[in-house]
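Reading the structure
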Amino acid sequence: MDTPHFDLVDITRAIQRRIRFVIIITVIAAILGAIAFGIRKKKYKAEGQFFVTNPIYGDRNNLFRSYETRFVDYFGGDDDLDKVTALAQSDTVMDRIIRNCQFQDVYHADINTPKGHAFLMGIFKKNFTIKRTEYKDMQVSYTAYDPQTSANVVNMSIKVLEQSYRDIYTNIKQGIYQSVKDKLKDIDSAVNALTDTLAGIRDQYKIYNIVNPSRPNAMSGEIKNSGSAGFGKAMEQVQNVEAVKDQMVSDRAHYISVLNEFSASSNDNMRYLKVITTAEAPVSPSGPGLLMTVIIAALLGLFFSVMYILLMAYYKMLNSVVR
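Predicted model, so just to flag it, every value in this text is computed and none were measured. (Residues numbered from 1 in each chain as written. Predicted model: local features only at pLDDT ≥ 70, side-chain atom pairs only at ≥ 80, totals over all residues. Heavy atoms only, no water.)

It is worth spelling out the overall build of the protein at this point. Tallying secondary structure elements over the protein gives ten helices and four strands in all. For the protein, the sequential pattern of α-helices and β-strands runs α-α-β-α-α-α-α-α-β-β-α-α-β-α. With 323 residues in all, the protein has 34% of them scored as buried. A separation threshold of at least 6 residues defines the contact pool for the protein, and within that pool the share at least 24 residues apart is 77%. Looking at the protein as shown, the accessible area adds up to about 20400 Å², and 57% of this sits on carbon and sulfur atoms. (Helix = DSSP H or I, 4+ residues; strand = E, 2+ residues; numbered from the N terminus. Buried < 20%, exposed > 50% of the residue type's maximum accessible area, 1.4 Å probe, protein only. Contact = heavy atoms within 4.5 Å. Areas by Shrake-Rupley, 256 points an atom, 1.4 Å probe, with all protein chains shown as cover.)

Quick look at the pattern of salt bridges now. For the coordinates displayed, the defined rule picks out seven salt bridges. A salt bridge links Asp78 to Arg132; the nearest nitrogen and oxygen atoms lie 3.5 Å apart. Taken as a pair, Asp78 in helix α4 (residues 78-88) and Arg132 in strand β2 (residues 128-132) lie far apart in primary sequence, 54 residues in all. Since its relative accessible area comes to 40%, Asp78 is described here as partly exposed. Where Asp188 meets Arg252, a salt bridge forms, and the shortest distance between an N and an O atom there is 2.3 Å. With Asp188 in helix α8 (residues 147-205) and Arg252 in helix α9 (residues 231-265), this residue pair connects regions lying 64 residues apart in the sequence. Accessibility expressed as a relative area gives 24% for Asp188, which makes it partly exposed. Through salt bridges with shared partners, a single network forms among Asp78, Asp82 and Arg132. (Salt bridge = Lys/Arg side-chain N within 4 Å of Asp/Glu carboxyl O.)

The residue Gln102 is not glycine, and still its phi comes out positive at about 55°. Residue position: Gln102 is located in the loop between α5 (91-100) and α6 (103-106). Phi angles above zero are rare outside glycine, and His108 is one such case at about 55°. When you line up the elements, His108 lands in the loop between α6 and α7 (114-127).

The sheet built from four strands is open, its strands ordered β2-β3-β1-β4 with antiparallel pairing. Each edge of the sheet is formed by a strand with only one pairing partner; in this case those strands are β2 and β4 (273-277). Averaged over all neighbouring strand pairs, the angle between strand axes comes to 25°, with direction disregarded. Of the strand pairs in this sheet, strand β1 (residues 44-52) and β4 are connected by four bridges, and their pairing is antiparallel. Bridge pairing in β4 places Phe50 opposite Val275. (Pairing = 2+ DSSP bridges. Axes fitted to C-alpha atoms, helices over the stretch in contact; angles between N-to-C directions.)

Counting residues in each nonpolar core, the largest one holds 38 residues, and the members touching the most others are Phe50, Phe103, Phe124, Tyr142 and Leu161. Going through the elements one at a time, β1, α4, α5, α7, β2, β3 (138-144) and α8 are the ones with two or more residues in this core. When residues in this core are grouped by element, the largest group, nine residues, is from α8. Those residues in contact with Phe124 that sit more than four places away from it in its chain are Met94, Ile97, Ile98, Phe103, Tyr142, Val153 and Ser157. Within the second largest apolar cluster, nine residues are counted, among which are Ile201, Ala234, Met235 and Val238. (Core = buried A, V, L, I, M, F, W, Y, C linked by side-chain atoms within 4.5 Å.)

Moving on to the environment of Glu242. In this fold, Glu242 is placed in helix α9. By relative accessible area, which is 6% here, Glu242 ends up buried. In this structure the C-alpha to C-alpha distance between Glu242 and Leu194, which are 48 residues apart in sequence, comes to 8.0 Å.

Glancing now at the environment of Gln102. Since its relative accessible area comes to 36%, Gln102 is described here as partly exposed. Taking the C-alpha atoms as reference, Gln102 lies 9.9 Å from Thr149; in sequence the two are 47 residues apart. There is a polar contact of 2.9 Å between the side chain of Gln102 and the side chain of Gln104. (Polar contact = N/O pair within 3.5 Å; in protein donor to acceptor, adjacent residues only side chain to side chain.)

This part is about a nonpolar patch on the surface. A contiguous nonpolar patch, built from Leu291, Met292, Ile295, Ile296, Leu299, Leu300, Leu302, Phe303, Phe304 and Met307 and spanning about 960 Å² of accessible area, is present on the exposed surface. Relative to the helices and strands, Phe303 is located in helix α10 (residues 290-320). For Phe303, a relative accessible area of 46% translates into the label partly exposed. (Patch = residues over 30% accessible without salt bridge, like charges linked within 9 Å, V, L, I, M, F, W, Y side chains within 5 Å.)

Structure, rendered in structure tokens:
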């Protein structure tokens, strides 16, 4: 049995015979598209952009460099952008954003229950996006039914991201700062104890000269014996204790310098994200407009009506073949 012949000519004739049907379906689809656009709840998309700065530029070793000059770029590299992206997709950051933006009031869910919290987190993940562009800046967007809500979420997201990213570096520096500060307290106590010991020995044996030969730029003058028993041993004790005390005083000065450096490099005035576009409440809803929606709906109606006609014509031809 021969296969039925159904070529381009047959397709054209089938469409011509049912052209009125095609037009009616296309018009109906366009009208339905317009109605759907009118009753559909509008969504608004807000966007913000920022640069990621290089955290190494504000590091202690760069701020107080005195032995070598090395260029450090102001802007962060790909690794820094990846870290910010990972932070934005973390549950910790997302939880802070939805709480700061009062999602429980916006979407009417109890954020303190596991089910409500999961619901709000799901809404945020669905409508929030972060991506990098070819210019090495980052773009954050959020889609919501209320235009002001979308702008508020974007701005809060950038703020929370900056705080979280800065905390990675400042927390380490602040931990070192506190450790050095605690050690400085121990040195202060030791210096005070050694000072009391030295003062007692000097007053007892009337030794008021500088007798520590290890002290830089210090010259020892003639030391007269006070006539007290044990004067020689006292001299040795003064020198030994004075050497230890001088080293601790030197360490103390160095620790204070280190504290100042870490304090400066972990100051909150440093910003690790630079906002270049602040999100504002959008005036137009996101997605295709009325005209584009009508055109898309009309094209879909045209496509499916033509396909229906062709399928029915081909099926009719198959039935007409004598088996």
